[in-house]
Amino acid sequence: MNTRKIEILVGLFVALGVAAFIMLALKVANSGLSGNGETYMLQAKFENIGSLKTRAPIKVGGVVIGRVDGIQIHPQEFVPVVSMSIDKNYECQFSDTSSVSILTSGILGEQYLGISPVIAAESAKQKCLGQEVTSEDSVDLESLFGVETKALKDGDMITDTKSALVLEELIGQFLFNQGSE
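None of the values given here were measured: they were computed from a predicted structure.

Draft legend 1. Focus on the pattern of salt bridges. Within this structure, the stated rule accounts for 4 salt bridges. The salt bridge involving D160 is made with K162; its shortest N-O contact spans 3.7 Å. Residue classification places D160 among the partly exposed residues on the basis of a relative accessible area of 33%.

Spelled out as structure tokens, the structure:
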């Protein structure tokens, strides 16, 4: 009777260990059993995405604000289009003049998207959020210079992109240029 009780306790201990290992693996892989909250989608076209993968982080100043949701080929232009899932708190905060770059952590680390944000003007934020813009709110640099930008919202495309630097291509260019001299 005593050995049966020990066997049950050992089985329970092993089951808890397996569950803890699975939770640790999910945490390390930056995925979970549930969603991380509300997000909105942005898209960007690149010439070369290198080894960028889905679920890669999207960072602003080193802080993760989203993840790469998907990568497709544009049907007419045949260039990669990256779909980005950004935290809903940042909707209508960035201007359409913001840029997105594919960066690498360290020399040979994972690739991620880095957004160089241009903060949207108050009038652009209000238009994006569907609020009425009063003439007092619209006195900003945009109205002074006659350039109108808009705030990025769900489904918008970021046009200013910088493709990945592929180490193999850089080495090939270096060797090719050295051989021609």
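There's more to say after this.
Draft legend 2. Seen up close, unusual backbone geometry. Unlike most non-glycine residues, R55 shows phi in positive territory, near 75 degrees. With respect to the helices and strands, the residue R55 is situated in the loop between β1 (39-45) and β2 (57-60). Positive phi is not limited to glycine here, since C92 has a value of about 70 degrees. Within the secondary structure layout, C92 lies in the loop between β4 (80-87) and β5 (99-104).

Draft legend 3. Representation of the pairing of β1. The alternating pattern of β1 places Y40, L42 and A44 on a buried face, while none of T39, M41, Q43 and K45, on the opposite face, is buried. Of the pairings in the sheet, the one linking β1 to β4 comprises 7 bridges and is antiparallel in character. Each bridged residue has a counterpart across the sheet, and for Y40 the counterpart in β4 is I86. Both β1 and strand β7 (residues 156-158) contribute to a ladder of 3 bridges, which runs parallel. What sits directly across from Q43, in β7, is M157.

Draft legend 4. Layout of the side chain of R67. Residue placement: R67 occurs in strand β3 (residues 63-73). Within the structure, R67 has its side chain in polar contact with the backbone oxygen of R55 (distance 3.0 Å).

Draft legend 5. Region of interest: the nonpolar core. Core analysis: the largest hydrophobic core is formed by 22 residues, its most contacted members being F46, L52, I58, V82, M84, I86 and L113. Every element with two or more residues in this core is listed here: β1, β2, β3, β4, β5 and β6 (111-116). Among all residues touching I86, those that are not within four sequence positions of it are E38, T39, Y40, L42, I58, I65, G66 and I115. One finds C92, A120, A124 and C128 within the second-largest nonpolar core, a separate group that totals 5 residues.

The rules we used
Residues numbered from 1 in each chain as written. Predicted model: local features only at pLDDT ≥ 70, side-chain atom pairs only at ≥ 80, totals over all residues. Heavy atoms only, no water. Salt bridge = Lys/Arg side-chain N within 4 Å of Asp/Glu carboxyl O. Buried < 20%, exposed > 50% of the residue type's maximum accessible area, 1.4 Å probe, protein only. Helix = DSSP H or I, 4+ residues; strand = E, 2+ residues; numbered from the N terminus. Pairing = 2+ DSSP bridges. Polar contact = N/O pair within 3.5 Å; in protein donor to acceptor, adjacent residues only side chain to side chain. Core = buried A, V, L, I, M, F, W, Y, C linked by side-chain atoms within 4.5 Å. Contact = heavy atoms within 4.5 Å.

Everything listed here is a matter of coordinates, which is why it stays silent on function.
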